[in-house]
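A closer look at the structure
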2 protein chains.
Amino acid sequence: MPVHQHIRVTADAVVLRFSSKEGMMVLLSKRSIPPHIFKWGLPGGFVHNDEPLEDAVHREIRDETGLKVNYLEQMRTWGHPERDPRGRILCVAHLGLVKPSTSKLILGAGNKEARWYSVKELPATAFDHADVIAGAIEHLRTRLRSEPLAFELLDPKFPVSELEKLYEWVYNRQIDRRNFQKKMHSLGLLSVQQEKLKHPLQGRPAQLYSFNRQKFQELKQKNGYIEIFS
Amino acid sequence: MPVHQHIRVTADAVVLRFSSKEGMMVLLSKRSIPPHIFKWGLPGGFVHNDEPLEDAVHREIRDETGLKVNYLEQMRTWGHPERDPRGRILCVAHLGLVKPSTSKLILGAGNKEARWYSVKELPATAFDHADVIAGAIEHLRTRLRSEPLAFELLDPKFPVSELEKLYEWVYNRQIDRRNFQKKMHSLGLLSVQQEKLKHPLQGRPAQLYSFNRQKFQELKQKNGYIEIFS
DNA sequence: GCAAAAGTGTTTCCTGTACACCCATGC
DNA sequence: GCATGGGTGTACAGGAAACACTTTTGC
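Criteria and cut-off values
Residues numbered from 1 in each chain as written. Chains lettered and ligands numbered in written order. Predicted model: local features only at pLDDT ≥ 70, side-chain atom pairs only at ≥ 80, totals over all residues. Heavy atoms only, no water. Helix = DSSP H or I, 4+ residues; strand = E, 2+ residues; numbered from the N terminus. Rg over C-alpha atoms; globule rule 2.2 N^0.38 Å. Buried < 20%, exposed > 50% of the residue type's maximum accessible area, 1.4 Å probe, protein only. Contact = heavy atoms within 4.5 Å. Areas by Shrake-Rupley, 256 points an atom, 1.4 Å probe, with all protein chains shown as cover. Near = heavy atom within 4 Å. Polar contact = N/O pair within 3.5 Å; in protein donor to acceptor, adjacent residues only side chain to side chain. Lys, Arg positive; Asp, Glu negative; His and termini not counted. Salt bridge = Lys/Arg side-chain N within 4 Å of Asp/Glu carboxyl O. Phe/Tyr/Trp six-rings, centres within 6.5 Å; stacked < 30°, edge-to-face > 60°. Least-squares fit on C-alpha atoms with pLDDT ≥ 70 in both. Arc of directions from axis to C-beta. Axes fitted to C-alpha atoms, helices over the stretch in contact; angles between N-to-C directions. Parallel < 35°, antiparallel > 145°, perpendicular 65-115°, else oblique. Left-handed = near helix turned anticlockwise from the far one by under 90°. Nonpolar A, V, L, I, M, F, W, Y, C, P; charged D, E, K, R; others polar.

An unreviewed UniProt entry lists chain A under the name NUDIX domain-containing protein, from Chitinophaga barathri.

All right, on to the overall build of chain A then. A count of helices and strands for chain A gives five helices and 10 strands. Relative to its length of 230 residues, chain A is compact, with a C-alpha radius of gyration of 19 Å against a globular reference of 17 Å. When the backbone C-alpha atoms are referred to their principal axes, chain A occupies close to 60 × 40 × 30 Å. Among the 230 residues that make up chain A, the fraction classed as buried is 52%. For chain A, contacts bridging at least 24 residues in sequence account for 67% of all contacts bridging at least 6. Carbon and sulfur atoms make up 50% of the accessible area of chain A, which amounts to about 11,600 Å² in all.

As a matter of local geometry, DNA strand D sits amid 20 residues, with Arg177(B), Lys182(B), Gly203(B), Arg204(B) and Gln207(B) nearest to it. Note that a base nitrogen of DNA strand D is positioned 3.3 Å from one of the side-chain N or O atoms of Lys182(A). Contacts to DNA strand D include Arg204(A), whose side-chain N or O atom sits 3.2 Å from a base oxygen. Where the surface near DNA strand D is concerned, the elements lending two or more residues are α4 (177-187) of chain A together with α4 (177-187) of chain B.

In this section: the side chain of Glu162(A). All names here are of chain A. Among the structural elements, glutamate 162 can be located in helix α3 (residues 160-171). Comment: no salt bridge for buried glutamate 162; closest opposite-charge side chain is lysine 165, at 5.5 Å. Not counting chain neighbours up to four residues away, the residues in contact with glutamate 162 comprise Phe18, Ser19, Ser20 and Leu154.

The next subject is the packing of aromatic side chains. Residue and element names in this part refer to chain A. One pass over the structure, following the stated rule, counts 16 aromatic pairs over all chains. Aromatic pair tyrosine 167 and phenylalanine 229: ring centres 5.0 Å apart, planes at 35°, arrangement tilted. With a gap of 62 residues between them, tyrosine 167 in helix α3 and phenylalanine 229 in the segment after α5 (213-223) connect regions that are remote in the sequence. When its relative accessible area of 7% is taken as the criterion, phenylalanine 229 is described as buried.

Once that is clear, we can look at the protein's contact with DNA strand C. Near DNA strand C lie 19 residues; those nearest to it are Arg177(A), Arg178(A), Lys182(A), Gln207(A) and Arg178(B). Near the protein, meaning within 4 Å, the atoms of DNA strand C are sugar or phosphate in a fraction of 42%, with bases accounting for the rest. A distance of 3.0 Å separates a phosphate oxygen of DNA strand C from a polar atom in the side chain of Ser161(A). Mapped onto the surface near DNA strand C, the elements with two or more residues apiece are α4 of chain A together with α4 of chain B.

Residues and elements named next belong to chain A. Under the definition given, this model contains 28 salt bridges over all chains. A salt bridge links aspartate 84 to arginine 86; the shortest N-O distance between them is 2.7 Å. Aspartate 84 sits in the buried class, given a relative accessible area of 5%. Classification of arginine 86 by relative accessible area gives partly exposed; the value is 33%.

Note on the copies: chain B fits chain A at an RMSD of 0.0 Å, the axial shift is 0.0 Å, and the rotation between them is 180°. Both chain copies can therefore be described as sitting about a two-fold axis. Ranked by how close their C-alpha atoms come to the rotation axis, the residues of chain B are headed by Arg76(B), at 2.9 Å. Of the residues that chain B buries at the interface, 100% are likewise interface residues in chain A, meaning the two copies contact each other through the same surface.

A separate point is α4(A). Residue and element names in this part refer to chain A. For α4, every residue scored as buried is listed here: Phe180, Met184 and Leu187. Taken around the axis of α4, the buried residues stretch over an arc of 65°, which confines them to a single face. Within α4, the exposed residues directed more than 90 degrees away from the buried face are Arg178, Lys182 and Ser186. If you follow the buried residues of α4, they end up packed against α3, β9 (190-196) and α5. Immediately downstream of α4, the backbone of glycine 188 shows phi near 80°, a positive value.

Further remarks concern the packing of helix α2 (residues 129-143) of chain B against helix α3 (residues 160-171) of chain B. Residue and element names in this part refer to chain B. One can describe the packing of α2 onto α3 by two numbers: an axis separation of 10 Å at closest approach and a directional angle of 125°. On the basis of the axis angle, α2 is oblique to α3. Here the hand of the crossing between α2 and α3 comes out left-handed. Every residue of α3 that contacts α2 at Ile137, Leu140 and Arg141 is listed here: Trp169, Val170 and Tyr171. Across the contact of α2 with α3, the residue classes tally to five nonpolar, no polar and one charged.

Structure, rendered in structure tokens:
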């Protein structure tokens, strides 16, 4: 059996970026070779023989877009025999998160083209990548309830409203500002920063906070589970 | 790159069975060939070129143990380059659940030996399979909070106490019987059955229930999320 | 002073939790 | 009748949800 097996493996990533202004954006790169030439696909590619899966994802993202994601986790493996016309190719899909301030793309001299697309307005995508993106959003919906992944999508210092709008986007519903703040403060996950938001477009400048990761770890250790959002 | 890639893929399963008497048991099969000959490993093996991953798992479990799992889902892919001495081999790990009444092993004429082991008293295991089993329990801990996987581990008709003890095992803490029943009944997930438990070892015979899957789907559709257990 | 967004407190209701007694059966 | 596990109700506390007005800034 093993000698006859011929299955190839790619490591791909749904890299997300969020801002209240633009909503959730996903990083796509334009394919320059068949199959699905000129369609948009997830950054990723074939894993090297001696390379850990996560390393492969980091490498491919860097090579295709110059980006360095600050958070990466595996989601699931897509393995339908017919998902790739070139033969049997598994896709080990990952979720990558970047902060708005570090999401500038640096496109190399190569012929790759890459850009951010709104998750709500995707172009024609290659392979089953639209399914993978949908799976990533669903994955986020599950994880954001109890894991501090939201903070990986925000700058190190952020106003509470930005956190709130991220949750509103992910769960597609309105959240009461007062109750949300109360919950976050009662959990103790937010540390007040000296600064306030500079140059708000309009209105009163917002207090900035940072994520108190140590407090989160303490709570998790003590209770085993933390409901951040219900 | 693709032409030089040489990575093989196995589909393996952590198959679990639960009873209040024996606790959580995992299905292991004794390896009859190197590497790790005579150690105990998860049922699984190399995926066929044109075979979906889940089919491969079902096939391997059936071939090695005669068992038909009634629930199967993918967990995650283990891909450390050094995890298998034979070369680069990915393990797409799955979670399989069987009901106590359908967990009898049928060992074929082959030289495979298989048996149930208590998750709390594992023998020496092959590869990184101990990690995979630990990951499966952690996976259960996450999923049982909001998904009705517990019912896949119980017979079609079960006493509430069995459901409760399953949760007690998974979360490793005591649960108040009255509050647990109240919660389950208020959710409406349990349908009363005509029968009561026959021949209880001692004490009053328990009322049997079945899982009301339709009600669960309704709730999930309406609220998007159901907290079964906190 | 007006428009825009940020900050804040109280009441109500519901849900989680703690807790103890009676019931049905086998022996 | 006794041992064993099953079934049930109440009271309290804490968290979730609903809800409106004041504050700070830019223009």
